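Letter by letter, the chains look like this.
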Amino acid sequence: MVFTLILTALYNAMLAVAIYIAEKKTAFGRIEYKKKQIIIGILFGAMAAFASTKFAGVDIGDGTIMNVRDAAPLCAGLIFGAPAGIIAGIIGGLYRYISAFFGLTGTYTQLACSISTALAGFIAAALRKFMFDNKKPGWIYGLGIGMLCEIIHMLMIFFTNANDPSTAFNFVKICSLPMMLCNGFSVGAAVLVISLLGKDKDAVQFGKRHISRTFQMWLFICIVVAYVLTSTYTYMLQSQMSNTETETVIKTSIDDVNQDIHDTSDENLLNKTNLVKSDYLASSDKSEAFLQTLADKYHVAEIHIVDDNGIIVNTNAPRYLGFDMASGEQSAEFLVLLDGTHKSFAQDYRPQSYDSSAAYKYAGVTLQGGGFLQVGYDASEFRADIDSTVEKIATNRHIGENGFIVICDDEWNIVSEGTDYTGYNLASIGIRIDPEKNAENTIFSTDFNGKPHLVEYEYAEGYYIVGVIGEEEALFMRDVSVYLSSFMEVLIFAALFILVYFLIKKLIIDNLMKVNRALSKITNGNLDITVDVRANEEFASLSDDINSTVDTLKRYISEAEARIDAELEFAKQIQHSALPSVFPPYPNRKEFDIYAQMDTAKEVGGDFYDFYMLDDSTIAFLIADVSGKGIPAAMFMMKAKTIIKDLAESGLEVNDIFTQANEKLCENNDAGMFVTAWMAIVDLKTGVMSVANAGHNPPVLKRANGKFEYEKQRAGFVLAGMEGIKYRKTEIQLAPGDEIYLYTDGVTEATDKDDKLYGEDRLTYLLNSLSDTDVKSICEEVKKDIDRFVGDAPQFDDITMVSFRLNFIKGDDKLSFIPGKDAGTAVSDFAQQLTSKLDVLPKISSKVSIAIDEIASNIINYSKAKTAEISYSIEKNKLNLMFEDDGKPYNPLETEDPDITLSAEERQIGGLGIFMVKKMTESMDYKYENNKNILKLVMALNS
Amino acid sequence: MTIKQTNEYGKLTLALSGRLDTVTAPDLEAALDASLSGATELCFDFTDLEYISSAGLRVLLKAQKIMNTKGKMTITGVNETIMEVFDITGFADILTIE
């Protein structure tokens with residue numbers, strides 16, 4: 001029986017688990033929320049309908065089935081969502097209502113059950129939404145809510161059957177406990193199983209929140225105490241009232257019967273007395289014997305004639321003669337017949353004054369002329385008279401609904417008619433009355449028909465009047481009111497509990513959460529968040545305090561930031577001013593071009609470049625990247641730069657510079673910083689470039705008329721990384737027009753917003769696509785391309801580049817150059833250098849200059865040569881000048897001399913230069929060899 | 001080479017110093033292009049000029065041709081080397097050397 005209920009209770013948990021798993025593992029989980037709620041609602045609605053049937057519940061008679069229907073909508077609502085709960089509730093309620101018409105479920109609780117099931121859905125929905133923040137509750141809550149809904153259910157049964165409280169009460173008495181337990185168990189178990197299954201952390205656990213936990217605990221204690229007190233008081237009060245009421249009811253009935261018996265016996269005796277009186281008056285014989293005759297005739301014991309003084313003057317029993325009626329209490333009552341107020345008087349059956357051992361019932365009627373006639377009889381005499389009447393007195397009398405009243409003789413034999421027990425001794429039917437213990441007119445309990453009954457009796461005219469009522473019936477109102485008030489109290493306290501929980505949550509916890517959320521954003525670094533909780537005075541003031549604290553903090557931070565920014569900006573200026581930044585740095589040096597630029601990501605970075613002339617014909621340049629960023633990197637960079645420059649200026653080879661710099665940088669390098677560096681020293685007289693690489697990106701080299709390509713060599717270890725490193729030197733022969741581009745990894749590792757790297761391929765592609773490979777524009781174009789590539793993404797690393805171009809190589813007795821822009825200057829410089837060495841007459845040196853200028857300008861302007869070279873030697877006052885170029889073959893000796901006699905208007909300028917050279921030199925010799933024009937001039941230095 | 005330029009009453013005087021060669025001749029040509037239009041008399045002062053190459057001669061010839069149409073051109077302070085060049089090239093006959 002109970003097993004069926006428990007099983008049905010478990011079905012809810014099973015259905016919940018099935019839906020939960022389906023949601024996680026199957027396509028069901030991907031259904032839209034609304035549809036999912038409807039499906040879950042229908043499933044639990046069907047479960048509610050099933051729980052209503054006699055297969056799932058316990059029939060307690062009259063077709064009413066004790067069930068666990070309400071648990072289904074509660075499970076749907078609490079576990080899966082408010083809409084599902086409401087749908088399940090409505091379906092369950094409707095089924096219950098309609099099925100009753102077809103006799104499938106009981107009609108007595110039809111309305112109550114339907115309403116409470118629908119209500120359960122709404123309650124689950126409301127609680128989930130407002131109390132549990134749309135999350136699953138803890139299992140304790142599930143249990144409590146399940147039980148609470150059954151209390152509502154029970155109250156509904158009372159309310160819908162207010163006109164028949166006793167049947168309603170019967171149902172409630174039987175159903176309330178099992179249904180509360182089973183429904184509570186069902187919901188609690190379902191919630192618990194789902195929580196365990198999902199290891200749900202988001203379920204609202206009982207006591208998870210500390211404030212509400214404390215409140216709830218104290219509230220719960222107070223409520224329990226209040227409940228116990230009020231219930232006990234109600235119980236006691238109701239018991240008292242019921243007892244009093246029952247007593248009153250029984251007493252009233254008994255008194256009625258009592259009165260009836262008295263009335264009957266009084267009437268009977270007065271009748272007899274009047275008959276005796278008329279016989280006595282009609283007879284002239286007033287003798288004692290006559291009175292005895294009358295007594296016998298009327299079956300009475302005594303007949304007394306009392307005079308107007310209250311003295312018995314005539315009697316059938318001579319012993320009473322002369323008895324003064326006033327002498328006894330019992331007899332004195334009859335004196336009322338002498339004062340004219342009463343014409344007749346009947347007295348209860350009781351002991352007489354004359355002889356208290358004898359009990360009689362007396363009646364008297366007044367006699368004309370004073371005095372009265374008194375008649376008395378004993379019990380046996382008057383009972384024979386009134387028994388037949390008394391037997392009928394209790395008929396149709398009952399107490400309450402099922403209580404009854406009987407009249408017994410003095411032997412406790414039931415004489416009253418109208419009961420099944422007439423003729424039985426009271427004790428033989430189970431009602432034992434011991435007058436010694438059970439006083440007259442007091443209520444006491446005794447078992448009758450196996451059930452406790454309340455009994456009261458009264459003695460009247462020799463009869464016992466006994467009232468009996470079932471204790472259950474007597475206490476019915478008490479029990480109903482105790483149940484009702486208990487239910488109501490639980491309901492009210494639950495409402496209070498929820499209200500307090502809700503208020504605390506609304507007023508304190510939610511606001512605290514808001515404050516905490518804002519605070520956690522603030523502590524995560526977003527100082528622009530303001531706390532704005534204005535729900536009440538306290539939180540408004542808390543919000544204001546937090547905001548003003550944050551504002552103050554923000555102000556301090558921005559002040560500090562401004563100061564740091566200024567200092568960093570200052571550091572940046574120092575750092576930049578330490579690097580050569582005027583371009584072109586050597587305007588008089590035409591042999592080479594150099595350009596460098598640095599864009600730091602932060603105010604100060606770890607990149608640097610440097611270049612300096614080590615002597616008149618040697619330039620050193622380098623690029624480097626210190627690990628890390630910011631002030632420490634900048635300081636280390638300054639140190640590295642200074643050390644390298646000092647070593648370079650002391651005339652060391654490039655590899656030795658690095659080897660020694662490494663040793664120095666390793667000293668006291670507690671911060672573990674290191675530098676990658678690439679350095680070159682170029683001999684401008686020979687074009688030989690000595691290179692050392694300490695872990696830096698390889699340079700990109702472009703040969704004159706070639707393409708930019710990586711010049712990859714094995715790099716050494718980084719500087720300051722480890723002591724005792726020996727660096728290698730690589731020599732690269734540069735030719736006029738060769739270019740070299742150096743960069744730090746800020747270039748190739750520049751990232752766009754998708755974290756893509758700029759990369760080496762894009763770099764070489766760009767370099768080779770440039771039309772102008774001027775050192776400055778190379779750097780600028782690369783930077784522009786990086787900017788295009790990066791877009792809005794922030795710059796993470798310093799971007800530093802150096803580019804170097806060798807224009808020509810001016811040796812002591814040789815000039816290599818590219819015929820083209822600036823070549824004239826190179827030639828002019830070379831000629832000047834030569835003539836200043838010669839120490840000859842200005843006239844001679846001018847001729848030398850003219851010769852070099854004329855031949856070189858021919859090569860530059862007309863030969864289309866890619867490279868050219870001028871060299872010389874001196875022997876015996878003769879200067880041998882040699883011109884080589886790889887241009888188109890051209891023999892100047894074959895040039896026709898110009899006509900120098902023509903007027904200005906007629907003169908052509910062509911051929912004049914060669915003509916002049918011819919005139920100024922001693923000999924000219926031309927040959928074309930190995931695709932080269934080779935022209936030799938011999939000039940006298942002493943004429 | 002440096003060019004010192006004075007212009008008074010239509011007489012343009014250019015005092016050259018240094019070398020007038022392939023590298024510097026374009027500078028002189030540019031200076032003449034800029035200043036010659038209003039001049040009726042052009043005077044080159046070669047006192048401080050070291051030597052002259054064919055590129056310089058070309059500029060002088062061009063100037064001479066222009067001045068032949070609108071006035072006169074003279075050259076002063078010619079040194080030995082330059083004079084030799086003028087002689088070799090026949091420019092001595094074309095130019096007015098004072």
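Calculation notes
Within every chain, residues take consecutive numbers counted from 1 along the sequence as written. Just so you know, chain letters begin at A and ligand numbers begin at 1, following the order they were written in. Residue-level local features of this predicted model are given only where pLDDT is at least 70; pairs of side-chain atoms are given and counted only at 80 or more, and the full residue set underlies all totals for whole chains, interfaces and linings. Helix numbers and strand numbers start at the N terminus; a helix is a DSSP run of H or I with at least 4 residues, a strand a run of E with at least 2. Here a residue counts as buried when 20 or more other C-beta atoms fall within 10 Å of its C-beta, as exposed when 12 or fewer do, and as partly exposed in between; the C-beta atoms come from the backbone. Whether two residues are in contact depends on their C-beta atoms, placed from the backbone: they are in contact if these lie within 7 Å. DSSP bridges decide pairing: two strands pair if at least two such bridges lie between them. As a rule, the C-alpha atoms of each element are fitted with a line to give its axis, helices using only the stretch in contact, and angles between N-to-C directions run from 0 to 180 degrees. Take the residue count of a helix, subtract one, and multiply by 1.5 Å to get its expected span. Take the seven residues that end at a residue and the seven that start at it, fit an axis to each, and the angle between those axes is the bend at that residue. Should an angle lie under 35 degrees it is considered roughly parallel, over 145 roughly antiparallel, and from 65 to 115 roughly perpendicular; all remaining angles are considered oblique. If you view the pair so one helix is near and one far, a crossing is left-handed when the near helix is turned anticlockwise from the far one by less than a right angle, and right-handed when it is turned clockwise. Any set of buried Ala, Val, Leu, Ile, Met, Phe, Trp, Tyr and Cys residues joined through C-beta atoms within 7 Å is what this text calls a nonpolar core. Domain delimitation in this document rests on an assignment produced automatically or drawn from a domain database. Classification used: nonpolar for Ala, Val, Leu, Ile, Met, Phe, Trp, Tyr, Cys and Pro, charged for Asp, Glu, Lys and Arg, polar for all others including Gly. pLDDT measures how confident the predictor is about each residue, on a scale from 0 to 100.

**Points about the overall build of chain A**
- Helices and strands together make up the secondary structure of chain A, namely 22 helices and 28 strands.
- Here chain A holds 943 residues, and 38% of them are scored as buried.
- In chain A, 66% of the contacts between residues at least 6 apart in sequence involve partners at least 24 apart.

**What about the overall build of chain B?**
- Counting its secondary structure elements, chain B contains four helices and four strands.
- Counting helices and strands in the order they occur from the N terminus, chain B gives β-β-α-β-α-β-α-α.
- Counting only residues that meet the buried cut, chain B has 44% of its 98 residues in that class.
- Long-range pairs, those at least 24 residues apart, make up 71% of the contacts in chain B with a sequence separation of at least 6.

**Comments concerning the sheet that holds strand β23 (residues 809-810) of chain A**
Residue and element names in this part refer to chain A.
- Taken in spatial order, the six strands line up as β23-β24-β25-β26-β28-β27 in an open sheet, and their pairing is antiparallel. Because the sheet does not close on itself, it has two edges, and the strands there are β23 and β27 (923-929).
- Looking at chain direction, strand β24 (residues 814-817) and strand β25 (residues 868-875) are connected through four bridges and run antiparallel. The residue bridging Ser 816 from the neighbouring strand is Glu 869, located in β25.
- The sheet contacts of helix α20 (residues 823-838) involve β23, β24 and β25, and relative to β24 the element is tilted by about 175 degrees.
- With respect to the sheet, helix α21 (residues 842-863) is in contact with β25, β26 (878-885) and β28 (932-940), its orientation differing from that of β26 by roughly 10 degrees.

**Thoughts on helix α7 (residues 165-198) of chain A**
- Relative to the 50 Å expected for 34 residues at 1.5 Å per residue, α7 of chain A spans 46 Å between its end C-alpha atoms, a close match to the ideal helical length.
- The largest bend in α7 of chain A amounts to roughly 45 degrees and is located at Cys 175 of chain A, with the proline Pro 178 of chain A lying one to four residues further along.

**Regarding the packing of α20 of chain A against α21 of chain A**
Residue and element names in this part refer to chain A.
- Contact geometry for α20 and α21: axes closest at 9 Å, N-to-C directions at 155 degrees. The angle between α20 and α21 places the two elements in the roughly antiparallel class. For α20 against α21, the interelement crossing comes out right-handed. Between α20 and α21, the contacting residues are Ala 823, Gly 824, Val 827, Ala 831, Leu 834, Thr 835 and Leu 838 on the first element and Ser 845, Val 848, Ser 849, Ile 852, Asp 853, Ala 856, Ser 857 and Ile 860 on the second.

**Focus on the pairing of strand β4 (residues 312-315) of chain A**
Residue and element names in this part refer to chain A.
- As paired elements, strand β3 (residues 302-306) and β4 share three bridges and run antiparallel to each other. Each residue of the ladder has a partner; that of Val 306, found in β4, is Ile 312.
- The hairpin turn running from β3 into β4, its antiparallel successor, is five residues long, and Gly 310 in that turn takes a positive phi close to 85 degrees.

**Observations regarding the packing of helix α14 (residues 537-578) of chain A against helix α15 (residues 630-649) of chain A**
All names here are of chain A.
- Between α14 and α15, the least distance of the axes is 11 Å, while the angle of their chain directions is 20 degrees. Accordingly, the angle class assigned to the pair α14 and α15 is roughly parallel. α15 is crossed by α14, and the crossing has left-handed handedness. In contact with Ala 571, Gln 575 and Ala 578 of α14, α15 contributes Ile 631, Ala 634, Met 638 and Lys 641.

**Looking at unusual backbone geometry**
Residues and elements named next belong to chain A.
- Backbone torsion omega between Phe 583 and Pro 584 reads -5 degrees, so that peptide bond is classified as cis.
- Secondary-structure assignment places Pro 584 in the loop between α14 and β13 (592-599).
- A positive phi angle, near 60 degrees, is found at Asn 441, a position not held by glycine.
- Tracing the backbone through its elements, the reader meets Asn 441 in the loop between β9 (404-408) and β10 (444-448).
- Even without a glycine there, the phi angle at Asp 839 is positive, about 55 degrees.

**What to know about the nonpolar core**
All names here are of chain A.
- The biggest cluster of nonpolar side chains holds 136 residues, and the ones touching the most others in it are Leu 622, Ala 640, Val 675, Met 679, Leu 719, Val 827 and Ala 851.
- The leading source of residues in this core is α21, at nine residues.
- When residues of this core are assigned to domains, at least three map to each of domain 5 (579-807) and domain 6 (814-940).
- Each residue touching Ala 640, except ones within four places of it in the same chain, is listed here: Ala 624, Val 626, Ala 661, Leu 665, Val 675 and Leu 719.
- In terms of nonpolar packing, the next biggest core, distinct from the first, is built from 63 residues, Ala 82, Ala 84, Ala 124 and Val 187 among them.

**Section: the interface of chain A and chain B**
- Listed by partner, the interface residues are 23 residues for chain A and 22 residues for chain B.
- When contributions to the side of chain A that touches chain B are tallied by element, the ones reaching two or more residues are α20, α21 and α22 (912-920) of chain A.
- Take the side of chain A that touches chain B: its biggest share by element is eight residues, from α21 of chain A.
- Classifying every residue of the side of chain A that touches chain B gives eight nonpolar, nine polar and six charged.

**A few points about the environment of Leu 60 of chain B**
Residues and elements named next belong to chain B.
- Tracing the chain through its elements places Leu 60 in helix α2 (residues 54-70).
- Its 22 C-beta neighbours within 10 Å are what place Leu 60 among the buried residues.
- C-alpha separation for the pair Leu 60 and Glu 29, spaced 31 residues apart in sequence, amounts to 8.8 Å.

**So, helix α3 (residues 71-80) of chain A**
Residue and element names in this part refer to chain A.
- For α3, a buried count of ten out of ten residues is recorded, marking the element as mostly surrounded by other parts of the structure.
- Regarding α3, the residues found buried are Ala 71, Ala 72, Pro 73, Leu 74, Cys 75, Ala 76, Gly 77, Leu 78, Ile 79 and Phe 80.
- Backbone geometry just after α3 places Gly 81 at a positive phi near 145 degrees.

**Here's the deal with the sheet that holds β9 of chain A**
Residues and elements named next belong to chain A.
- Ordered in space as β9-β12-β11-β10, the four strands form an open sheet in which the pairing is antiparallel. The sheet is open, and its two edges are formed by β9 and β10, each paired on a single side. Sheet twist, expressed as the mean angle between neighbouring strand axes with direction ignored, is 35 degrees.

**A word on the pairing of strand β11 (residues 451-460) of chain A**
All names here are of chain A.
- Relative to β11, β10 is paired through five bridges, and the arrangement is antiparallel. Paired with Phe 444 across the strands is Val 455, a residue of β11.
- Counted along the chain from β10 to the antiparallel partner β11, the turn is two residues long, and its residue Asn 449 has a positive phi close to 55 degrees.
- With eight bridges joining them, β11 and strand β12 (residues 463-470) adopt antiparallel strand pairing. Residue pairing in the sheet places Ala 460 in a bridge with Tyr 463 of β12.
- Between the antiparallel neighbours β11 and β12 lie two residues, among them Glu 461 with a positive phi of about 50 degrees.

**Re the confidence of the model for chain B**
- With 100% of its residues at a pLDDT of 70 or more, chain B has an overall mean of 89.
- Both scores are available for the predicted complex, with the pTM at 0.52 and the ipTM at 0.91.

**Here we look at the environment of Tyr 872 of chain A**
Residue and element names in this part refer to chain A.
- Position of Tyr 872 relative to the elements: it lies in strand β25.
- Looking at Tyr 872, the number of C-beta atoms within 10 Å reads 22, which means it is buried.
- Between the C-alpha atoms of Tyr 872 and Leu 815, which are 57 residues apart in sequence, the distance is 9.5 Å.
- When sequence neighbours within four positions are dropped, the list of residues in contact with Tyr 872 reads Asp 813, Leu 834, Leu 879, Asn 880, Leu 881 and Met 882.

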